[in-house]
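Summary of structural features
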Amino acid sequence: MTMKSSIVLGALVAAASATPTLRRRQYNTTKPVVTSEALQADISRENLLAGTQILEDFAYASPNRTRIIGSPGHNDTIYWLKEELEALDYYDVSLQNFFTVAMVSGQINTFVVNGVNTSADLLEYSASGTVTAPLVPVANLGCNATDYPAELAGKIALISRGSCDFGLKSVLAGNAGAAAAVIYNNAAGGFNGTLSAPPRPEGEYIASISITQELGTGYVEAITGGATINATVDVATVISNVSTYNVLATTKGGDQHNKLALGGHTDSVLAGPGINDDGSGTVGILEVAKALSKYEINNAVTFGFWAGEEEGLLGSTYYVENLPANETADIRAYLNFDMIASPNYVHAIYDGDGSAFNLTGPPGSAELESFLEDFFTSAGENFTATAFDGRSDYGPFLDVGIPSGGTFTGAEELKTEEEAEMFGGEAGVALDVCYHSACDNIDNLNLDAFELHGKAIASAVATYATSWEGFPARNTTVARRSIKPHARKASQPRHYRSKRSLPSRK
Ligand SMILES: [Zn+2]
């Protein structure tokens, strides 16, 4: 077998060198020019689902079942993307390294009050600690050192939410000698929050958890009435210096001075695998990158897979801040896709023209919005607007004057009656009930939305990779923070669609 084929190969090589024209024709295979229809046809729900299944497998391969930065699940995501993109031989692929602090694991082992197991949430960046001691209410909202009584030493501070950030409360409680801090909500129910990444000038965090308003005010009342409430708080967290990466892939072909950039984020929160947020955007963009490699293009395209979005847009900020000015000027537009398969979805488009939210993107943002509106209209679908509230990776691009757009299918907001009429699904239920939770896995995806938004990405990439005709030129002299208020027309409805990717800080 081996011998025979090498003889045949030898004969072919001899023939090829004898007839150079034949050889040239054989290797000079030209690809068809990309079109929106062709690229959309390459996006299938089977491939989208298969890609997100791989991300879920990465998360579930380790006990924390997460893809938070620094975790094995996130690192596997990064290397998988790099390999998938390199294998296409169509892109210059690189990993862009940056460093940050992250809480890579954490849990409440015990929260027992007067002998009763009680539910509580861990505050991100809490210190580890174990204590059994009385709860001691703190005066006012616990934003001043003087609010913390001397009797707090060695005990557990009971603090109301409000006014200042959780991190300050944890530090002030610690400075007063408290062994743990319990922060209760100032509205019905409980909450998830962050102390924000250390270090902090005022001091060190102590073990810190959050509880419902009902529990907190009940304890305060009982203690004020003369009762003693004993509690055990046992919290274990790991806070590490993390080295992580953005994955960047730029087409080798196309005009590098008139580039389209697009992106989504590769990381999840600690609580879950992040398959809708933002495995859906990651895989949607990757599938378009794979499909694009079959075609010729006129304009270059950069695909950005950002890390550390959940810690405060770290990766996209690092990318933009380290981009040389001439390369920033080369980016004609940026498109962001962060959650595109929400189970109780809406089809939301970033409000580039400022008509719904009073915040207008740089020139070109309105055109991106209108392009995507046309896409959904052609697909026979309704659409709504989502605000440029700075809560996803478009923020750093807007800050340097790059027109931005993109789509979003919704996070923890409840679906309105009007939206249920427009998009189906259930009114009064969160657009993504598993947002930032352990259940944000494969079963959380709506595949109709996923496929449609995948095709929206394909359509935009094919269109702008072909031509910028009719698109405003970049105003590269624009100042930073170019996003500016825009007088909202009174008649226009206001669809508030914030994506709270950043956990509350106060
Ligand atoms: Zn996200």
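Structure report, in brief. On a predicted model such as this, the values are computed, not experimentally measured, just so you know.

1. Comments concerning the packing of aromatic side chains
- This model, assessed by the stated rule, comprises 19 aromatic pairs.
- On the basis of an interplanar angle of 50 degrees and a centroid distance of 6.4 Å, the ring pair of tryptophan 306 and tyrosine 334 is categorised as tilted. Residue tryptophan 306 is found in strand 10 (residues 299-306), and its partner tyrosine 334 is found in strand 11 (residues 331-337); the two are separated by 28 residues along the sequence. Here tryptophan 306 and tyrosine 334 have matching classes, each one buried.
- Where tyrosine 350 meets tyrosine 394, the ring centres are 4.7 Å apart and the plane angle is 55 degrees; that geometry is what we call tilted. With tyrosine 350 in strand 12 (residues 348-350) and tyrosine 394 in the loop between strand 14 (384-386) and helix 12 (395-399), this pair connects stretches of sequence that are 44 residues apart.
- Through a chain of ring-to-ring contacts, three or more aromatic side chains come together here, namely Trp306, Tyr319, Tyr334 and Phe397.
- One residue, arginine 65, lies across the ring of tyrosine 60, its end atom 3.7 Å from the ring centre.

2. A closer look at the coordination of the zinc ion
- Looking at the zinc ion, the protein donor atoms are His265 (NE2), Asp277 (OD), Asp338 (OD) and Asp338 (OD), and they sit 1.9 to 2.6 Å from it.
- Here the zinc ion binds four donor atoms, and the angle range of 53 to 150 degrees at the metal identifies the geometry as irregular.

3. Some thoughts on helix 7 (residues 213-224)
- Taking 1.5 Å of rise per residue, 12 residues should cover 16 Å, and helix 7 covers 16 Å from first to last C-alpha, within 8% of that figure.
- Within the span of helix 7, buried status applies to Gly216, Tyr219 and Ile223. Each buried residue of helix 7 sits inside an arc of 65 degrees when the element is viewed along its axis, so together they form one side. Every exposed residue of helix 7 that faces more than 90 degrees away from the buried side is listed here: Glu221 and Thr224.
- Its buried side turned inward, helix 7 meets strand 1 (91-113), strand 4 (129-137), strand 5 (156-160), strand 6 (180-184) and strand 7 (207-211).
- Positive backbone phi, approximately 105 degrees, marks glycine 226, located one or two places after helix 7.

Analysis parameters
- Residues numbered from 1 in each chain as written.
- Predicted model: local features only at pLDDT ≥ 70, side-chain atom pairs only at ≥ 80, totals over all residues.
- Heavy atoms only, no water.
- Phe/Tyr/Trp six-rings, centres within 6.5 Å; stacked < 30°, edge-to-face > 60°.
- Helix = DSSP H or I, 4+ residues; strand = E, 2+ residues; numbered from the N terminus.
- Buried < 20%, exposed > 50% of the residue type's maximum accessible area, 1.4 Å probe, protein only.
- Lys NZ or Arg CZ within 6 Å of the ring centre and 35° of its normal.
- Donors = N, O, S within 2.8 Å, 3.2 Å for Na, K, Ca; no water.
- Tetrahedral: all angles 85-135°; square planar, octahedral: opposite > 155°, others 65-115°.
- Expected span 1.5 Å × (residues − 1).
- Arc of directions from axis to C-beta.
- Contact = heavy atoms within 4.5 Å.

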